[in-house]
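Coordinate inspection notes
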Amino acid sequence: MSQTSSADHFARPFNGPGTGPPVPSSVPGGSEAESSQGDPGGRGSPAIHALGLHKRYGKTVAVASLSMSVGRGEVFGFLGPNGAGKTTVVKMLLGLVRPSGGEAMVLGAPIGDRETRRRIGYLPELFRFQPWLNAAEVLALHCRLLELPKRSWDQAVADSLRVSGLTDRSGDKVGGFSKGMQQRLGLGVALLGDPELVVLDEPTSALDPVGRHDMRQIIRGLRTRGKTVFLNTHLLAEAEQVCDRVAVLDKGVAIATGTLAELLGQHGRVRVKLGTVDGSCTKILSKFGAWQRDGDWIILERIENDSIPDLVAAIIGGGGRVEAVIPEHQSLEDRFLELLDER
Ligand SMILES: Nc1ncnc2c1ncn2[C@@H]1O[C@H](COP(=O)(O)OP(=O)(O)OP(=O)(O)O)[C@@H](O)[C@H]1O
Ligand SMILES: [Mg+2]
């Protein structure tokens, strides 16, 4: 798969036409005629819309009838354990793998549409760059593959090096790069040409904590600029920090989709520290659900978030003293494991 990904990565430019100076929204030989008809580039449509997408490898069902929609400007997290089908979905959406069934539209065009690919940035899960080139040369090569106007290359390469944090290493041979530096370079390549949709497949797998922090900042920056980000990850904390919505995939099936609030539910755990816990206080607590002691703290396991102010008011009204209240949400990791268990 490594070979396939890197070969695909080199053979097919995925990004859009232009960084820095204004560039035409269609490229030579592109769909100028189509784009003048009402909805240039399909911008009124969702970034991704899949209907019954299916992929079978022999007896293995990698993806089973997946339907989903990702809106423009969303950061969408695709979560799932190893082998869930995340990479297969991405490859189908990018036209690198032919679906066994179903259909999908990306940026308003059927999957695999060549012109649309130019508006998509892609950081593959497994990548390899030409070890004899330096970082700036790799980026310049991709500028050429993208057919960016030559006058914009220097600026595009400098921008990519800056965003990916490789400016100081621009003249160094990629063969001597650490895995994390190569992943940063992969991100730099994905961002070339200011793509409308950025697809990142496990973008922080090789990154240190600083690199992960940088990646989050970059993703948030893309969202601020109205770009759509599709993020494959099994790092749930990462998804929790940057995603507007997520889908959980298991054995090729989407078992849950929604915002984090929808997925984690409106029920949370709350820790309350009280001055004293007497008989009247325990009665009040019981009205709000099951509770238990944890040292100086009382823990209510499942309380509606909206009810917390009422709880505090009731305790104070009953003559109690509230020293601290700490709402604790179920983590995405707990919910994720729960969802997989429920299957
Ligand atoms: N080229 C292939 N040939 C045969 N089976 C494949 C191929 N690519 C993927 N599969 C199978 O499809 C299933 C989904 O794989 P996929 O790589 O999409 O999972 P993933 O969710 O990306 O996993 P990971 O988190 O490990 O990257 C797995 O069972 C895998 O073995
Ligand atoms: Mg994968």
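Quick caveat, the model's predicted, so the values are computed rather than measured.

Topic: the confidence of the model for the chain
- Averaged over the chain, the pLDDT score is 84; the fraction of residues at 70 or greater is 87%.
- Element-level pLDDT for the chain is lowest in helix α1 (residues 2–11), with a mean of 32, against a maximum mean of 97 in strand β7 (residues 197–201).
- Long-range and interchain partners of residues 1–37, a stretch whose pLDDT sits below 50, account for 74 contacts in this model, where long-range means more than four residues apart.

What about the site of ligand 1?
- Surrounding ligand 1, one finds 13 residues, the nearest of these being Tyr57, Ala62, Asn82, Thr87 and Thr88.
- Listing elements by their share of the shell around ligand 1, those giving two or more residues are β2 (60–70) and α3 (86–93).
- Examining the composition of the shell around ligand 1, we find that 3 residues originate from one element, α3, more than from any other.
- Across the shell around ligand 1, the residue classes tally to 3 nonpolar, 8 polar and 2 charged.

Quick word on the environment of alanine 239
- Residue placement: alanine 239 occurs in helix α9 (residues 236–242).
- Of the residues examined, alanine 239 has 24 C-beta atoms within 10 Å and is grouped as buried.
- In this structure, the C-alpha to C-alpha distance between alanine 239 and phenylalanine 78, residues 161 residues apart in sequence, is 8.5 Å.
- Leaving out residues up to four positions away in the same chain, alanine 239 has contacts with Gly77, Leu79, Thr233, Val246 and Leu332.

A few points about the environment of leucine 96
- Inspection of the secondary structure puts leucine 96 in the loop between α3 and β4 (101–106).
- Given 22 C-beta atoms within 10 Å, leucine 96 falls into the buried group.
- Between the C-alpha atoms of leucine 96 and isoleucine 111, which are 15 residues apart in sequence, the distance is 9.3 Å.

Looking at helix α8 (residues 209–224)
- Here α8 spans 23 Å end to end across 16 residues, near enough to the 22 Å set by a 1.5 Å rise per residue.
- Listing the buried residues of α8 in full gives Met215, Ile218, Ile219 and Leu222. Down the axis, α8 shows its buried residues gathered within 100° of arc, on one side only. The outward face of α8, more than 90 degrees from its buried face, is lined by the exposed residues Pro209, Val210, Gln217, Gly221 and Thr224.

Reading guide: rules and limits
The residue numbers shown here count from 1 along each chain, following its written sequence. To label them, take the chains in the order written and letter them from A, then take the ligands in the order written and number them from 1. Local features in this predicted model are restricted to residues whose pLDDT is 70 or higher, and side-chain atom pairs enter the listing and the counts only when it is 80 or higher, whereas totals over whole chains, interfaces and linings include all residues. Each residue carries a pLDDT value, the predictor's own confidence for that position, ranging from 0 to 100. The way it works is that DSSP assigns letters per residue, a run of H or I at least four long becomes a helix, a run of E at least two long becomes a strand, and they are numbered from the N terminus. Two residues form a contact once the distance between their C-beta atoms, set from the backbone, is within 7 Å. For each residue, a C-beta atom is placed from the backbone, and the residue counts as near a molecule or strand when that atom lies within 6 Å of it. Amino acids are sorted into nonpolar (Ala, Val, Leu, Ile, Met, Phe, Trp, Tyr, Cys and Pro), charged (Asp, Glu, Lys and Arg) and polar (every other residue, Gly among them). Residues with at least 20 other C-beta atoms within 10 Å of their own are called buried, those with 12 or fewer are called exposed, and the rest are partly exposed. The C-beta atoms themselves are positioned from the backbone. Multiplying one less than the number of residues by 1.5 Å gives the expected span of a helix. Directions drawn from the helix axis to the C-beta atoms are what define this arc.

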